Amino acid sequence: MEMQALIAGIVITSAVFYVSVIGLRKFRSFSPKAKCGNDCGCNGGTKKLTS
Amino acid sequence: MNGAASSQIIIALAGNPNAGKTTLFNSLTGLRQKVANYPGVTVERKQGPWSVGERPAQIIDLPGLYSLDATSLDEQIASEVIQGKYAAEQKPDVVICVVDATNLERNLYLVTQIRELGIPVVIALTMIDVFERQKHEIDVDSLSRQLRTPIVAVNAKDGRGIDELERIVESLFDEKPSILDLPMPEEVSVGDNSRIFARYKFISNAVQESVRHNDQDSHRFSEKIDRVLTHRFFGLVILVGILLLVFQTIFSWSSVPMDLLEKGFGAAADFARDQLGPGMLTDLVADGIIAGVGGVVVFLPQILLLFFFISILEDTGYMARAAFLLDKLMSRIGLHGKAFLPLFSSFACAIPGIMATRTIENRRDRFATIMIAPFMSCSARLPVYTLMIAALFAGQSFFGFISVGAVLMLAMYALGIVVAIVAAFILKRTILSGPPPPFLMELPPYRVPNVRTVIQNMITRAWLFLKRAGTVILAISIVLWALMYFPRAEVSPAGTTAVVVDAQANTVEPLPESEQLKNSFAGRLGHLIEPVISPLGFDWKTGVALIASFAAREVLVSTLSIIYNVGKDENEESESLISAVRDAKREDGKPTWTPLTGLTLMVFFVLAMQCMSTLAVVRRETNSWRWPLFMMAYMTALAYVAALITYQGGRLLGFE
Amino acid sequence: MTLTELPVGQNARVTSVNGNSVIVHRLMEMGVIPGAAVEMVKTAPFGDPIEVRVRGYSLAMRKNEADSIEVSA
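Calculation rules
- Throughout this description, residue numbers start from 1 for each chain and increase along the sequence as written.
- The naming scheme follows written order: chains are lettered A onward, ligands numbered 1 onward.
- Thresholds applied to this predicted model are a pLDDT of at least 70 for local features of residues and 80 or more for the giving and counting of side-chain atom pairs; totals over whole chains, interfaces and linings are not thresholded and use all residues.
- Every helix listed is a DSSP run of H or I at least four residues long, and every strand listed is a run of E at least two residues long, numbered separately from the N terminus.
- The globule rule is 2.2 Å times the number of residues to the power 0.38, and the radius of gyration it is compared with is taken over C-alpha atoms.
- By the criterion used throughout, residues are in contact when their C-beta atoms, derived from the backbone, lie within 7 Å.
- In this classification, Asp, Glu, Lys and Arg are treated as charged, Ala, Val, Leu, Ile, Met, Phe, Trp, Tyr, Cys and Pro as nonpolar, and every other residue, Gly included, as polar.
- Note: two strands are recorded as paired if DSSP finds a minimum of 2 bridges between them.
- Confidence of the predictor at the level of single residues is captured by pLDDT, which takes values from 0 to 100.
- Interaxial angle, 0 to 180 degrees, is taken between N-to-C directions of lines fitted to C-alpha atoms, where a helix line uses only the stretch in contact.
- For any pair of crossing helices, the crossing counts as left-handed if the nearer helix is rotated counterclockwise from the farther one by less than a right angle, and right-handed if it is rotated clockwise.
- Any residue surrounded by 20 or more other C-beta atoms within 10 Å of its C-beta is treated as buried, while 12 or fewer makes it exposed and the intermediate range makes it partly exposed; C-beta atoms here are placed from the backbone.
- Here, a nonpolar core means buried Ala, Val, Leu, Ile, Met, Phe, Trp, Tyr and Cys residues linked by C-beta atoms lying within 7 Å of one another.
- The span one expects for a helix is its residue count, reduced by one, times 1.5 Å.

Moving on to the overall build of chain C. What chain C contains, in helices and strands, is 2 helices and 5 strands. Each helix and strand of chain C, ordered N terminal to C terminal, gives the series β-α-β-β-β-α-β. For a compact globule of 73 residues, the expected C-alpha radius of gyration is about 11 Å, and chain C comes in at 11 Å, within 12% of that figure. When the backbone C-alpha atoms are referred to their principal axes, chain C occupies close to 30 × 20 × 20 Å. Long-range contacts, defined here as pairs at least 24 residues apart, represent 54% of the contacts in chain C between residues at least 6 apart.

On to the interface of chain B and chain C, then. Taken together, the contacts link 31 residues of chain B with 29 residues of chain C. Of all the elements, helix α13 (residues 318-332) of chain B adds the most residues to the side of chain B that touches chain C, at 5 residues. Here the residues of the side of chain B that touches chain C are counted per class, giving 15 nonpolar, 8 polar and 8 charged. Pairing of strand β11 (residues 440-443) of chain B with strand β4 (residues 57-61) of chain C, which is carried by 4 bridges, proceeds in the antiparallel orientation. The residue of β4(C) that forms the bridge with Leu443(B) is Ser58(C).

Let's shift gears to the pairing of strand β1 (residues 11-17) of chain C. Residues and elements named next belong to chain C. The pairing of β1 with strand β2 (residues 37-43) spans 3 bridges and is classified as antiparallel. Looking at β2, one finds that alanine 12 is bridged to valine 38. Where β1 and strand β5 (residues 69-72) come together, 4 bridges link them in antiparallel fashion. Pairing of valine 17 across the sheet is with isoleucine 69, part of β5.

Before going further, it helps to examine the confidence of the model for chain B. Residue and element names in this part refer to chain B. Of all residues in chain B, 89% attain a pLDDT of 70 or more, and the chain-wide mean is 82. Note that pLDDT drops below 50 for residues 32-43; the model gives that stretch 51 contacts with residues more than four away or on any other chain. Confidence drops under a pLDDT of 50 for residues 492-506, and excluding neighbours within four residues, the segment shows 14 contacts in the predicted structure.

This part takes up the packing of helix α12 (residues 300-316) of chain B against helix α19 (residues 451-485) of chain B. For any two helices packed against each other, one specifies the inter-axial angle together with the distance between the axes. Residue and element names in this part refer to chain B. For the pair α12 and α19, interaxial distance at closest approach is 9 Å and the crossing angle is 145°. As for the relative orientation of α12 and α19, their crossing is right-handed in sense. Side by side, α12 and α19 meet where Leu300, Ile303, Leu304, Phe307, Phe308, Ser311, Ile312 and Asp315 of the first sit next to Thr453, Val454, Asn457, Met458, Arg461, Ala462 and Phe465 of the second. Taken together, the residues that form the contact of α12 with α19 break down as 10 nonpolar, 3 polar and 2 charged.

Residue and element names in this part refer to chain B. Running from amino to carboxyl end, helix α22 (residues 540-548) crosses helix α23 (residues 555-566) at an angle of 145°, the nearest separation of the two axes being 8 Å. Crossing handedness for the pair α22 and α23: right-handed. Of the residues in α23, those in contact with Lys541, Val544, Ala545, Leu546 and Ala548 of α22 are Val555, Leu556, Thr559, Leu560 and Ile563.

All names here are of chain C. Taken across its 5 residues, β4 has 5 buried, putting it largely inside the fold. Burial along β4 is two-sided: Tyr57, Leu59 and Met61 and Ser58 and Ala60, pointing in opposite directions, are all buried. Inspection of the sheet shows strand β3 (residues 50-54) paired to β4 by 5 bridges, in the antiparallel sense. Looking at the pairing, arginine 53 lines up with serine 58 of β4. Joining the antiparallel neighbours β3 and β4 is a turn of 2 residues, in which arginine 55 adopts a positive phi near 50°.

With that settled, consider the environment of Asp61(B). Mapped onto the fold, Asp61(B) is located in strand β3 (residues 55-61). You can call Asp61(B) buried: it has 27 C-beta atoms within 10 Å.

Right, let's get into the confidence of the model for chain C. Residues and elements named next belong to chain C. Summary statistics for chain C give a mean pLDDT of 88 and a share of 99% for residues scoring 70 or more. When mean pLDDT is compared element by element in chain C, β3 scores highest at 92, while helix α1 (residues 22-29) scores lowest at 86. Across the whole predicted complex the pTM is 0.74, and at the interface the ipTM reaches 0.94.

A few words on the sheet that holds β3(C). Judged by pairing direction, the sheet is antiparallel, and its 6 strands sit side by side in the order β11(B)-β4(C)-β3(C)-β2(C)-β1(C)-β5(C) without closing on themselves. Pairing within the sheet leaves two strands with one partner each, and these edge strands are β11 of chain B together with β5 of chain C. With direction set aside, neighbouring strand axes in the sheet form an average angle of 40°.

Soluble globular proteins tend to bury their nonpolar side chains together. Ranked by size, the top nonpolar core spans 233 residues in total, and within it Cys97(B), Val99(B), Val122(B) and Ala124(B) carry the most contacts. Ranked by the residues each element gives to this core, the list is headed by α19(B), at 16 residues.

Let us now look at helix α4 (residues 104-116) of chain B. Residue and element names in this part refer to chain B. The terminal C-alpha atoms of α4, which comprises 13 residues, lie 18 Å apart, in line with the 18 Å expected from a rise of 1.5 Å per residue. Most of α4 is tucked away, with 11 of its 13 residues classed as buried. Once α4 ends, the next one or two residues include glycine 118, with phi positive near 75°.

Residues and elements named next belong to chain B. Pairing is mixed in the open sheet, where 6 strands are placed in the order β2-β3-β1-β4-β5-β7. Strands at the two margins of the open sheet, each flanked by one partner only, are β2 (46-52) and β7 (151-153). Pairs of neighbouring strands in the sheet enclose a mean axial angle of 25°, with direction left out of account. Here helix α3 (residues 73-83) sits on the sheet in contact with β1 (9-15), β3 and β4 (94-100), set at roughly 140° to β1. Sheet strands touched by helix α7 (residues 162-174): β1, β2, β4, β5 (121-126) and β7. Its angle to β5, the strand with the most contacts, is close to 165°.

The next point concerns the environment of Ala608(B). Residues and elements named next belong to chain B. For alanine 608, the location among the structural elements is in the loop between α25 (595-607) and α26 (612-622). Distance in space between the C-alpha atoms of alanine 608 and phenylalanine 375 is 8.1 Å, their sequence separation being 233 residues. Aside from chain neighbours lying at most four places away, what touches alanine 608 is Met635, Thr636 and Ala639.

The structure is reproduced here in structure tokens:
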């Protein structure tokens, strides 16, 4: 039981961290200079459409 | 430009739209991407490695262009790169000009233009198999002499001519490029356009010397198909019929794999429960991760089928015909027929759609198209529509064979289109007013879609979808689960009767899960916004899902999946999301979801701006904050009002 | 007569392309220059745009654009 709560806590913390990283990246992607995000075939690194 | 890049050999791949440029690029570099039969689908710069002899080189696949005198943003980029005027790009060492053998004269126009600038050019002649099948004959050596430009006949499918192309490109590195000097005609006073005459005259002579056409017209096949598909009346009927068939097929073909996936995730949740034993982690895995991710992943078959059909419609050349059929309507609302492609790609996703607006010459038309593109129902909305239809309208049909689901689905897509038309009409008459744009578009011949391209496209899409489910949706699901799970109340807040204290055992029984959910962070938030959404017929649980869906539309499905699992009390059996939606009850015991509330939710999703990525792209493409903010505000306001009208109107008509 | 007036299925030769706008320039670059053979293939459902064959390929344009092209049979 304690173990379960501990692991769950770690998982949740890392998920929160990941979501905030994505959120930050999304916020940054509003900048005209930025590369595009990681959606719908728009590849992060190259600003090219993969579709 | 940086120093390291300038030492590398750059080869630009240029050519008219539909000349087979992308297919050649794929076979040279091994990178796969979309090939379609529509002018201007290659909107972005694509680069890939190639080795010329021993030397490593980079090939840039340029957007298709008809002439160096660009009329669209897309062509302008290609033209500037070829001429070495594009700031961010090194001047190419060699240009491979892709020329469609079945459409020689117009394709060669661009070649003469580039040759006049003294840029080293090699012609890659494509579609020669088609050309010869039509019983035409071409003397490649003679044509090459006449044009004073090396020509290689290539076939991307069997690799014919690729080695020779490499050899010629290598030989061009060391050669001093010659400048093609065309004699100017004096005959007619043609003013600025005398150069165009000279080029076409030069080309016509060269082609006449080297090509023997059989007198039978080869394009008759396409024309025969067109006689039906672009018929004045039946053309439009067929267009609607094709779309209806697509949606109907998406439903009927996907039901079996979708069922299997649902059962699989259900079994996975049960397995996790058995193995892990009761506890917080078990709840997280079963109710949060498996329900949240699984809830979205079960829609994979639909996504695959949608992209299958979009690929086929594009690759055959039908999309250009659809633009032709609809241009009059488009021009009535002040848009360009060319806006059809970006709008149609927006059915897959608004982001590539908005990027594809770069083929539209006029800035006002382009912005108007961008502003309405998100009304096209993108694939992220598909899970939402499908869930509602499968749960609330399953098994019903009109006349026994047209399923209500397919019609509703088409109606949702149609609603988006109609609202887009009205919005464009208003925009073009107010803030984006301007004269009607000119329309000039090639109708490429019909081609059998390349199976490999279609499958490749589907795999790419499936991978992107799964990747998203495994990263973003997974993380959001976990966070949402936590928001619905915490805080854990051992005793109920004062005033409720939910807690039962067993005096004898002297233990405090935990609250039932449904009460815990109500008391959670997410539950409180849901109750907070309930006054806003109850006029739309939604309860607080839907409210939670609605808020979450502003992160990404398909998160609505995950959230509902999690919320119905978390809120489930001990004695309730776990069930699929579809039956959970059917069984969901409001506080007063009435069902949460009725056909009317389902419809209202779908209407809201058609119109609402719930995609941060789209807003980011709009910000970049318009280079201003005004447009994305305006888009967010007007779309969401419209969605709320339309959903309100749907629900309240439905109630007035006597629906629940 | 102008290209717009050419009956469906008829062939003709371009005699002049008038005006000096961007679209005329583009039309000519696409091969619609005086002396070129054109065939009126069809009109779209609402009478506009039209499809013509020129230099072996199909080109769609609005009547607005076709009006600036003079042809003779």
